[in-house]
Amino acid sequence: MSTPLKTTGWDFVTTTVDKRALQRQPPADPRVELRELEARGEVKIIPITADNRPIEVETLLGRTKRIPTNKLWHHKSCGQCGNIPGYPTSIMWLMNRLGLEYLDESHQTSCTAWNYHGSGTSNLVALAAVAVRNWHRAYETGYYPLIHCGTSFGNYKEIRNLLVEHRELRDEVRRILNKVGRELVIPEEIVHYSEWLHVLRKPVAAMNRYDVSHIVATVHPACHVWKLIPEDVIYDRTIYGGERPAPTTAILLELGADVRDYSTWYDCCGFGFRHILTEREFSRSFSIERKIKVMVDEAQSDVAITQDTGCTTTLDKNQWIGQAHGYHYDLPVMADVQFAALLAGADPYKVVQLQWHTAGWEKLLDKIGIDWRTPKAEYERYLEELRAGKAPDQLYPPPVE
Amino acid sequence: MVDASETHLKLDPDAVGRQDADSLLRAIQSDIRYREVVHGCLNCGVCSGSCPSHRFFDYSPRVVVQTVLAGDAEAVKAMMDEYIWACAQCYTCAMRCPLHNSPGGLVMIMREVAVWRGMEAVHRLLKPYGRVLLKVLSIGNQLTPDMIQPDFFPDWGPKIPWSSTDLALKRKAIPVYTLQVTSSAWRVSPETSYELYTIYEETGVFRLIEQIDPNLFEVVSDMVEEVRELVEAGRDD
Ligand code: SF4
Ligand code: SF4
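Please read all numbers here as calculations on a predicted model, not as lab measurements.

1. Quick look at the packing of aromatic side chains
Part 1 of the reasoning: Tallied over the full model, the rule gives 23 aromatic pairs over all chains.
Part 2 of the reasoning: Each ring, one from Y349 of chain A and one from W361 of chain A, has its centre 5.6 Å from the other, and the planes form 70°; the classification is edge-to-face. Separated by 12 residues along the polypeptide, Y349 of chain A in the loop between α16 (336-343) and α17 (362-368) and W361 of chain A in the loop between α16 and α17 bring together distant segments of the chain.
Part 3 of the reasoning: Taking the relative accessible area as the measure of exposure, Y349 of chain A reaches 5% and is therefore buried.
Part 4 of the reasoning: Centre to centre, the rings of F153 of chain B and W156 of chain B are 4.0 Å apart; their planes meet at 20°, and the pair counts as stacked.
Part 5 of the reasoning: You can call F153 of chain B buried: its relative accessible area is 5%.

2. Focus: the domain arrangement of chain A
Residue and element names in this part refer to chain A.
Part 1 of the reasoning: Each domain of chain A was delimited in the assignment, giving domain 1 (29-193) and domain 2 (208-380).
Part 2 of the reasoning: Here domain 1 and domain 2 have C-alpha centroids that lie 25 Å from each other.
Part 3 of the reasoning: Contacts between domain 1 and domain 2 engage 37 residues on the former and 38 residues on the latter.
Part 4 of the reasoning: For the pair domain 1 and domain 2, the two sides together bury roughly 3,100 Å², of which 63% comes from carbon and sulfur.
Part 5 of the reasoning: Three residues, L60, W93 and W114, lead the burial of domain 1 against domain 2; their summed loss comes to 18% of the area buried on that side.
Part 6 of the reasoning: Where domain 1 packs against domain 2, one counts 3 salt bridges.

3. Here's the deal with empty space enclosed by the protein
Residues and elements named next belong to chain A.
Part 1 of the reasoning: Per the counting criterion, the structure on display carries 9 cavities of 30 Å³ or more.
Part 2 of the reasoning: Taken as a whole, the largest cavity spans an internal volume of roughly 410 Å³.
Part 3 of the reasoning: For the largest cavity, the lining is made up of 36 residues, of which W114, F271, F273, T309 and G310 are closest to its centre.
Part 4 of the reasoning: When contributions to the lining of the largest cavity are tallied by element, the ones reaching two or more residues are α3 (78-83), α7 (150-165), α11 (223-226), α13 (275-278) and α15 (309-317).
Part 5 of the reasoning: The element best represented in the lining of the largest cavity is α15, accounting for 4 residues.
Part 6 of the reasoning: Considered class by class, the residues forming the lining of the largest cavity number 20 nonpolar, 14 polar and 2 charged.

4. Quick look at the site of ligand 1
Part 1 of the reasoning: Neighbouring ligand 1 are the residues C51, P52, S53, Y59, P61, C87, A88, Q89, C90, Y91, C93 and G104 of chain B.
Part 2 of the reasoning: Residue classes in the shell around ligand 1 are distributed as 9 nonpolar, 3 polar and no charged.

5. Thoughts on the layout of surface pockets
Part 1 of the reasoning: The volume enclosed by the largest pocket comes to roughly 980 Å³.
Part 2 of the reasoning: Taken together, 41 residues form the lining of the largest pocket, with N161, I229 and E231 of chain A together with E36 and H100 of chain B sitting closest to its centre.
Part 3 of the reasoning: Of all elements in the fold, only α1 (9-24), α2 (30-39), α5 (113-119), α6 (124-141) and α7 of chain A together with α2 (34-37), α7 (92-96) and α8 (103-116) of chain B reach the threshold of two or more residues within the lining of the largest pocket.
Part 4 of the reasoning: It is α7 of chain A that contributes the most residues to the lining of the largest pocket, 7 residues altogether.
Part 5 of the reasoning: Per-class residue counts for the lining of the largest pocket are 23 nonpolar, 9 polar and 9 charged.
Part 6 of the reasoning: One number sums up the size of the second largest pocket: a volume of about 270 Å³.
Part 7 of the reasoning: Contributing to the lining of the second largest pocket are 15 residues, with I139, S183, S184, V188 and S193 of chain B lying nearest its centre.
Part 8 of the reasoning: Partitioned by chemical class, the residues of the lining of the second largest pocket number 8 nonpolar, 5 polar and 2 charged.

Rules of the game
Residues numbered from 1 in each chain as written. Chains lettered and ligands numbered in written order. Predicted model: local features only at pLDDT ≥ 70, side-chain atom pairs only at ≥ 80, totals over all residues. Heavy atoms only, no water. Phe/Tyr/Trp six-rings, centres within 6.5 Å; stacked < 30°, edge-to-face > 60°. Helix = DSSP H or I, 4+ residues; strand = E, 2+ residues; numbered from the N terminus. Buried < 20%, exposed > 50% of the residue type's maximum accessible area, 1.4 Å probe, protein only. Domains from an automatic or database assignment. Contact = heavy atoms within 4.5 Å. Buried area = accessible area lost by both parts, 1.4 Å probe. Salt bridge = Lys/Arg side-chain N within 4 Å of Asp/Glu carboxyl O. 1 Å grid on protein atoms, 1.4 Å probe; cavity = no way out; pocket = protein on both sides within 12 Å on 5 of 7 lines; lining within 4 Å. Points joined across faces, edges and corners; volume = space filled by probe spheres on them. Nonpolar A, V, L, I, M, F, W, Y, C, P; charged D, E, K, R; others polar. Near = heavy atom within 4 Å.

As structure tokens, this is what we get:
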């Protein structure tokens, strides 16, 4: 870190309020109870096996979490796949480069939690049944679920805990799952892709072709990743003194970027679940006033790095309208995994798919020294080839239809 | 305060319209999650001090928790109409509360009750949600590439028209097979949708939509029927 942590009221809150509350009354470890439930034959655990090549890390309360790195089932995010396609593509591209095995397929639904948080038109049992259906699908393929979306990750951590705590919920979910020929299974750990990237940060950084020591990166940590079930989040004493989650910041440091702090690090992005659709002025004002403006004015940020779907969209898409009020920040926004893939040589258009991003990212690539003009021309040619009937390139062989 | 034996996992979709204040408060307090989201309240305001919506709206999570704890059913009912919908669901409050409350989680329970009882505000609030609901109910995706249109997002700037023209071609240029589609975020197999419909049926979600938005339900029903016929025909082969 090139700047000391901001000494604002937040320091008091994080060190005195958050941790005091959790450490005085540490919540039960659901994984212990889960093993007891399995021993009683109530549930099956999806185990992390040697094939998954797990790496151990520490979470907020010093507990050990095992992060699988191989043989992973992509639990995709609808917001990423629909709107930021370079997000999942970068994950799979990095897995290819690292020689890791994975399965991406069509037998997956989203977690449905964005809609739930925004509109309330679901319920706990439906959310839990959807989660277990996806987990069970991963289980029957022999691949371990890797959750791409921050809201799915937060939601699945909650659902796992509630399933462990409430027999009546388990019974109801089991009854419904049996109707679709499935069983009640719960993964040994709920794992977010940013955790996967975090534990593999050294091999990923070893692929970096560029010096980014002059690139100022500011991190926006995703609320549903670290504020929902905060005790199940990776902390590392060498990152922010162990006071804030380590994923995303740690990979940026490993890549050699100049990661800078800013005073509204803790704030949300303004997504709001319903606000991005129905209270747009809140999303716009909050993302500009409380995030983008502060990142640029305080930290002179060259790029905002995210770790989730809604945040990437909100921070990126809401900047243009700010010009109406004289805000011309135009700060590039991308996920940690897109930034890492770019530095490892991924094509900015074909793989990282930056053309879908709204804030101008070209100046960032110029500053790093990544040529985007040639890939742009190649991409335009490639579109014409596809139009003429050429079969598309694929990161993995598609199934035979 | 309700006792533990009265807790419930989900609400009855056929209770839409039951909106007397006492029954709404009872439905909130008997949710199985209620005891995990409210453990008392110090009235300290740490939650509101961290709350993004408190900064921009006339809204305070401290007031939500205090009002529910005070048991003032009429005041709680009044909040469910508009007030609680300001919450951005970020859960900063939950991480900060010295009593381990989750005001955001309480708001979520209140939203669920407001919707499942068909409160007036819900019809107004859900209107802009029609497209998301249609997708989530029919294919379990919530956002799809064809939803990003300049008409809906004029404030997102001049690059949005690029994203929405020649969409099928640009999606085909994404080198991931499952993503080379436009009306869903990824290819969703009919078998998967089929299973999802059973979940929605068994949990009352379809029945709820039928009650609160019959037009949307009609459209969804047609899609459900089509997928079911397709999957069942495949099973017969
Ligand atoms: S979850 Fe809602 S109440 Fe809590 S801090 Fe976020 S916006 Fe405020
Ligand atoms: S932080 Fe917790 S105890 Fe304090 S006012 Fe909010 S809900 Fe009550």
